[in-house]
Amino acid sequence: MPVNDQAAPANKPAPVVPIPSDALIIVPVRSIVLFPGMVAPISIGRPKSIAAAQQALREQRPIGILLQRNPEADDPAPDDLFRVLTVANIIRYITAQDDTHHIICQGVQRARVLDFLPGTPFPAARVVQIPEPTTTSPEIEARFLNLQRQAVEAVQLLPQAPPELVAVFQSTTSPNTLADLATSYMDIKPQEKQEILETVDLAQRMEKVSRLLAERLEVLRLTNEIGQKTKAAFDERQREAILREQMATIQRQLGEGDGKAQEVAELTEAITKAQMPPEAESQARKELRRYERMPEAAGEAGMVRSYLDWLIDLPWALPGEKPIDIPEARRILDEDHFGLEKIKSRIIEYLAVRKLAPQGKAPILCFVGPPGVGKTSLGQSIARAMSRPFVRVSLGGVHDEAEIRGHRRTYIGALLGNIIQGIKKAGARNCVMMLDEIDKMGRGIQGDPSAAMLEVLDPEQNGTFRDNYLAVPFDLSRVVFIATANMLDTIPGPLQDRMEIISLPGYTEDEKLEIARRYLVRRQLEANGLKVEQVEIDPDVLRLIIKGYTREAGVRSLEREISRVLRHAAVQIADGSSTHVDITAKDLTGILGQPRFEGEIALRTSVPGVATGLAWTPVGGDILFIEASRIPGKGALILTGQLGDVMRESAQAALTLVKSRAAQLGIEPSMLERNDIHIHVPAGATPKDGPSAGVAMFTALASLLTNRTVRNDTAMTGEISLRGLVLPVGGIKEKVVAAAAAGLCRVMLPARNRRDYDDIPQGARETLEFIWLEHVDDAVAGALDEAKQPG
């Protein structure tokens, strides 16, 4: 029973005050709108409302049910009330045992308040009745049929609506009554119902009711659809559970035993055989007991079974290790790799220590070098030499900590981290694990994987590595970790501190030639389905490919070009046009096209103002040219070639140094005042930066202004100071290898970089002449030819 105007109950009958016969007693209500023809119970609790209802009942007078604008107002004034009401008869007045008062009213007619009477103990007003429209038209009839259909559908969608209510709507023939009846049963705000009550025009009233009813219908349809889907899903699960129970009963009747019990027995036996540590075995048996109690239809049963399978499949027990044969290890390294003598010597030392102290904490090796120099294959050779399984874990692009530590099992689709997955794939706890591209790990909102790698690569901690998915410690101390990287700049310092860095330089031309003869040609013959006796490649062909078609620190591009040459031969053998193919240098242009690289150093440095510099890149060393020119002007410096801030400062320092030594170099001061200097570094689309081009810039400017060319067989690197000192730079090994690969004969290096001489490959040391620079005067003396005589 709705409560609309409750307040302090009145126990004493109110005094009778005469109300004019043309006035109507008003009962304000808080949240109910009564429509003509409708019967509704109303709870009254305010003294004025009780007095009004009692006097109307005594005098057998109708009352006006009027909605107040603010439902919180206990004593509403005339301005707090709407102006359109429903004239109603009190059918019954009820006083309950708890002294609450209720009236049952039947709406009769709409009415509009003209004015409220002053001085009355309860609201009373003069009203004018609003007659119901009786006009009919095709539009009214169409709206009536549509509204009737909507109302019937809404009642049918209500879960607890009485069936008689459908019959009431279907039997209603009056459009006015249908609109008011549908509005009174709709779950909408009182203000929206009041708006319908105040709408006298029948067509407008039916349109508003139809619009509101359409909105409620959409909600009811969605609610009904959701309920049906939920019931269907529940019924399907119930049906599946019943069928599974019936299947289990049939299996027992046939004597096939309980499938779940058999499965649990097999898992128990597998846990025993896995030789887990006590903590892991305790966790496995605990999860097995949970799995045994779960119904097979439970969604979590599959997750627990997957977890048990991972625990059982991991290689917890340490396999027997064969002793390391050092001579055999040396033979394997020599067989798999040419050159790299210092690297192979360090690996032999590593293996010797592992042989003598197998339980010791060996260092983590990290091979750093440009692509294609054999970092990954070195790890495979170490695994062969130790007779252990090899597994590779790619870390390039990893930016989620869960890729290392695993996901927690609370997540759908949770998995182990890559480290534990790699050990399971290898099948042994003492495998050789290659952590490839460790320098290319990222950092994202999911965490920092390089921070997670700290525990993996720390011999003091990785004995109790805890994967989030396993939630139990796993011993990684017997895993031989080997990392690879192209550069150290992107590896965090704490992670570098846990690894022993071993640098792999690029190969010289002679080393590439030997690698191609020993390994690459043989491998590509097999890859292209050819036999050794079917194809013969002249050694000059391999050297020409190295010099004219590739320019790299490693040998990947070289192998691709060799593959192209052999594919050309494979076509001739496959179509039957030849049984043996000899490939010579004169055939190379027809197969690979014109050479992509040429020795342009002599051409570039044949004029004053051009010097050959050496640069370090993430893929190895490279040569670059510093070009200087002068044009009439006012002594300005122009820099082009996409130079970084540090390189621009080096150019400014080089020009200042040349100006300060103009007299010593034989340069007229007026030449610098009347000309602008333009310095350009070709390959303008490639960003360049760093201080190591200072010597080359100074030499190019000195060459330009003294009209002396720079020797075309010489390259140089080094930072300069304004005092003319040549300062040390990095990347010496890569730069010298690039100079040797470019066919140069001399390199000029800072004298303070002598400490890097031992790191330079033996082949490059034998090929090149080294000139050590203390001062820029040494560079001028060693690089510039004699001045050209004016013709």
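Everything quoted here is computed from the prediction, not taken from an experiment.

**Q** Describe the overall build of the protein, naming the residues involved and giving the relevant values.
**A** Counting its secondary structure elements, the protein contains 28 helices and 25 strands. A globule of 791 residues ought to have a C-alpha radius of gyration of about 28 Å, yet the protein, at 47 Å, is considerably larger. Oriented by its inertia axes, the alpha-carbon framework of the protein measures out at about 135 × 95 × 60 Å. Split into buried and exposed, the 791 residues of the protein put 47% on the buried side. For the protein, restricting intrachain contacts to residue pairs at least 6 apart in sequence, the fraction spanning at least 24 positions comes to 73%.

**Q** Give a detailed account of the nonpolar core, specifying residues and quantitative values.
**A** A general trend in soluble globular proteins is that nonpolar side chains are found buried together. Core analysis: the biggest nonpolar cluster contains 69 residues, and Ile63, Ile65, Ile103, Cys105 and Phe169 have the highest contact counts within it. Residues in contact with Ile65, not counting those within four places in the same chain, are Val27, Val29, Leu34, Ile42, Leu85, Thr86, Ala88 and Cys105.

**Q** Requested: an account of the packing of aromatic side chains, with residues and values cited.
**A** The final tally for this structure, using the stated rule, is six aromatic pairs. Look at Tyr757 and Phe770: their rings are 5.3 Å apart centre to centre, the planes differ by 85°, and that puts the pair in the edge-to-face class. Of this pair, Tyr757 sits in the loop between β24 (746-750) and α27 (762-767) while Phe770 sits in strand β25 (residues 769-773), and the two are 13 residues apart along the sequence. Looking at Phe770, the relative accessible area reads 16%, which means it is buried. Ring geometry for Tyr757 against Trp772: centres 6.3 Å apart, planes inclined by 70°, an arrangement best described as edge-to-face. Remark: Trp772 occurs in strand β25 and Tyr757 occurs in the loop between β24 and α27; sequence separation between them is 15 residues. The partly exposed category is assigned to Tyr757, whose relative accessible area is 28%. Accessibility expressed as a relative area gives 19% for Trp772, which makes it buried.

**Q** Any details on the pattern of salt bridges? Residues and values, ideally.
**A** Going through the model one piece at a time under the given rule, you end up with 39 salt bridges. Note that Glu153 and Arg221 form a salt bridge whose closest N and O atoms lie 3.0 Å from each other. One end of the pair, Glu153, is in helix α2 (residues 138-157); the other, Arg221, is in helix α6 (residues 202-253), with 68 residues separating them in the sequence. On the accessibility criterion, Arg221 (35% relative accessible area) is partly exposed. Its salt-bridge partner being Asp436, residue Arg392 comes within 2.8 Å of it at the nearest N-O pair. Of this pair, Arg392 sits in strand β9 (residues 390-394) while Asp436 sits in strand β10 (residues 432-436); the two residues are 44 residues apart in sequence, bridging distant segments of the chain. The class for Asp436 is buried, based on a relative accessible area of 5%. A cluster of three or more residues bridged by salt bridges with shared partners is formed by Arg110, Glu132, Asp180 and Arg205.

**Q** Pulling in residues and values, what's your account of the layout of surface pockets?
**A** Size it by volume and the largest pocket reaches roughly 740 Å³. Forming the boundary of the largest pocket are 30 residues, of which His337, Gly374, Ser377, Arg523 and Val555 lie nearest the centre. Among the secondary structure elements, those contributing two or more residues to the lining of the largest pocket are α10 (326-336), α12 (375-386), α17 (509-527) and α19 (556-574).

**Q** I'd like a description of unusual backbone geometry, backed by residues and values.
**A** With the exception of glycine, most residues fall at negative phi, and the peptide bonds are largely trans. Phi angles above zero are rare outside glycine, and Ser387 is one such case at about 55°. With respect to the element layout, Ser387 can be found in the loop between α12 and β9. Even without glycine at this site, Gln642 takes up a positive phi of about 55°.

**Q** Pulling in residues and values, what's your account of the packing of helix α18 (residues 539-548) against α19?
**A** Here α18 crosses α19 at 130°, and the two axes come no closer than 10 Å. By the angle between their directions, the pair α18 and α19 is classed as oblique. Seen from above, α18 lies across α19 with right-handed handedness. Side by side, α18 and α19 meet where Leu542, Ile545 and Ile546 of the first sit next to Leu558, Glu561, Ile562 and Val565 of the second. The residue makeup of the contact of α18 with α19, split by class, is six nonpolar, no polar and one charged.

**Q** I'd like a description of the packing of helix α22 (residues 645-660) against helix α25 (residues 694-706), backed by residues and values.
**A** Running from N to C, α22 and α25 cross one another at 40°; their axes reach a closest spacing of 9 Å. Comparing their axes, α25 and α22 come out oblique. Handedness of the α22/α25 crossing: right-handed. Across the interface between the two elements, Met647, Ser650, Ala651, Ala654, Leu655, Leu657 and Val658 from α22 touch Gly694, Met697, Phe698, Leu701, Ala702 and Leu705 from α25. By residue class, the composition of the contact of α22 with α25 is 11 nonpolar, two polar and no charged.

**Q** Quick rundown of the sheet that holds strand β13 (residues 480-485)? Include the residues and the values.
**A** One open sheet accounts for five strands, arranged β9-β10-β13-β8-β14; its pairing is parallel. Of all the strands in the sheet, just β9 and β14 (499-503) have a single pairing partner and so form its edges. Taking the axes of each pair of neighbouring strands and ignoring which way they run, one obtains an average angle of 25° across the sheet. Packed on one face of the sheet, α12 meets β8 (364-368), β9, β10 and β13 and runs near 175° to β10.

**Q** Please give an account of helix α8 (residues 278-293) that cites residues and values.
**A** Between its terminal C-alpha atoms α8 stretches 23 Å, which fits the 22 Å expected from 16 residues at 1.5 Å a residue. Listed as buried for α8 are Ala280, Gln283, Ala284, Glu287, Leu288 and Tyr291. Mapping the buried residues of α8 onto a view down its axis gives an arc of 140°, with all of them on the same face. For α8, the exposed residues lying more than 90 degrees away from the buried face are Pro278 and Arg293.

The rules behind each value
- Residues numbered from 1 in each chain as written.
- Predicted model: local features only at pLDDT ≥ 70, side-chain atom pairs only at ≥ 80, totals over all residues.
- Heavy atoms only, no water.
- Helix = DSSP H or I, 4+ residues; strand = E, 2+ residues; numbered from the N terminus.
- Rg over C-alpha atoms; globule rule 2.2 N^0.38 Å.
- Buried < 20%, exposed > 50% of the residue type's maximum accessible area, 1.4 Å probe, protein only.
- Contact = heavy atoms within 4.5 Å.
- Core = buried A, V, L, I, M, F, W, Y, C linked by side-chain atoms within 4.5 Å.
- Phe/Tyr/Trp six-rings, centres within 6.5 Å; stacked < 30°, edge-to-face > 60°.
- Salt bridge = Lys/Arg side-chain N within 4 Å of Asp/Glu carboxyl O.
- 1 Å grid on protein atoms, 1.4 Å probe; cavity = no way out; pocket = protein on both sides within 12 Å on 5 of 7 lines; lining within 4 Å.
- Points joined across faces, edges and corners; volume = space filled by probe spheres on them.
- Axes fitted to C-alpha atoms, helices over the stretch in contact; angles between N-to-C directions.
- Parallel < 35°, antiparallel > 145°, perpendicular 65-115°, else oblique.
- Left-handed = near helix turned anticlockwise from the far one by under 90°.
- Nonpolar A, V, L, I, M, F, W, Y, C, P; charged D, E, K, R; others polar.
- Pairing = 2+ DSSP bridges.
- Expected span 1.5 Å × (residues − 1).
- Arc of directions from axis to C-beta.

Any link to function would need more than the numbers given here.
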